Amino acid sequence: MGILRLPSLIANTKHFTKLQSLCNRNHSDVSKGYLAIYVGEIQKTRIVVPISFLEQPLFQDLLRKSEEEFGFHHPMGGLTIHCEEDVFMNLTYRLSVS
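Anyway, here's the lowdown on the structure attached to this text. (Residues numbered from 1 in each chain as written. Predicted model: local features only at pLDDT ≥ 70, side-chain atom pairs only at ≥ 80, totals over all residues. Heavy atoms only, no water.)

In terms of regular secondary structure, the protein is built from three helices and three strands. N-terminal to C-terminal, the α/β element order of the protein is α-β-β-α-β-α. Across the 98 residues in the protein, those meeting the buried criterion constitute 28%. When contacts within the protein are restricted to residue pairs at least 6 apart in sequence, long-range pairs at least 24 apart make up 54% of them. Just so you have it, the protein exposes about 6800 Å², and 57% of that area is on carbon and sulfur atoms. (Helix = DSSP H or I, 4+ residues; strand = E, 2+ residues; numbered from the N terminus. Buried < 20%, exposed > 50% of the residue type's maximum accessible area, 1.4 Å probe, protein only. Contact = heavy atoms within 4.5 Å. Areas by Shrake-Rupley, 256 points an atom, 1.4 Å probe, with all protein chains shown as cover.)

Encoded structure:
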């Protein structure tokens, strides 16, 4: 069995709550300095992330992999990344604390 670390679990929860509150806003209401992204393999979830993530090598790798696999066709009308939502949330958490 793995050991859960409470501080990291709490930090992940706070990060997820913050991102969810941004996601629940009006879809046309994205604050300046943020980017709306649709994430998921089957059902897409809209997540709003800081534009500064675009400069991060981990995020760029994810975008490259998505583009290689799925091209630039984005039926949701915005940037769509085909990966599991929890994987994406983990990545954005790591980017936000670095």
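Time to look at the layout of surface pockets. By volume, the largest pocket is sized at about 220 Å³. In terms of lining residues, the largest pocket is bounded by Leu58, Asp61, Leu62, Lys65, Ser66, Glu69, Phe70, His82, Val87, Leu91 and Arg94. Looking at the lining of the largest pocket, the elements with two or more residues in it are helix H2 (57–70) and helix H3 (85–97). Per element, the largest residue contribution to the lining of the largest pocket is seven residues, and it comes from H2. When its residues are assigned to classes, the lining of the largest pocket shows five nonpolar, two polar and four charged. (1 Å grid on protein atoms, 1.4 Å probe; cavity = no way out; pocket = protein on both sides within 12 Å on 5 of 7 lines; lining within 4 Å. Points joined across faces, edges and corners; volume = space filled by probe spheres on them. Nonpolar A, V, L, I, M, F, W, Y, C, P; charged D, E, K, R; others polar.)

The next point concerns the environment of Val39. Assignment of secondary structure puts Val39 in strand S1 (residues 34–39). Assessed through its relative accessible area of 0%, Val39 is described here as buried. Separated by 45 residues in the primary sequence, Val39 and Glu84 have C-alpha atoms spaced 7.1 Å apart. Discounting chain neighbours no more than four positions away, the residues touching Val39 are Lys44, Thr45, Ile47, Ile81, Cys83, Glu84, Glu85 and Phe88.

Glancing now at the environment of Ile37. Inspection of the secondary structure puts Ile37 in strand S1. With relative accessibility at 0%, the residue Ile37 sits in the buried group. Expressed as a C-alpha distance, the spacing of Ile37 and Gly78, which sit 41 residues apart in the sequence, is 6.4 Å. Residues in contact with Ile37, not counting those within four places in the same chain, are Thr45, Arg46, Ile47, Val49, Phe59, Leu79, Ile81 and Phe88.

This part is about the pairing of S1. Successive side chains on a regular strand alternate, one facing one side of the sheet and the next facing the other. Relative to strand S2 (residues 45–50), S1 runs antiparallel, the two being bridged by six bridges. What sits directly across from Ile37, in S2, is Ile47. Counting the residues that bridge the hairpin from S1 to S2 gives five residues, and of these Gly40 lies at a positive phi of roughly 145 degrees. (Pairing = 2+ DSSP bridges.)

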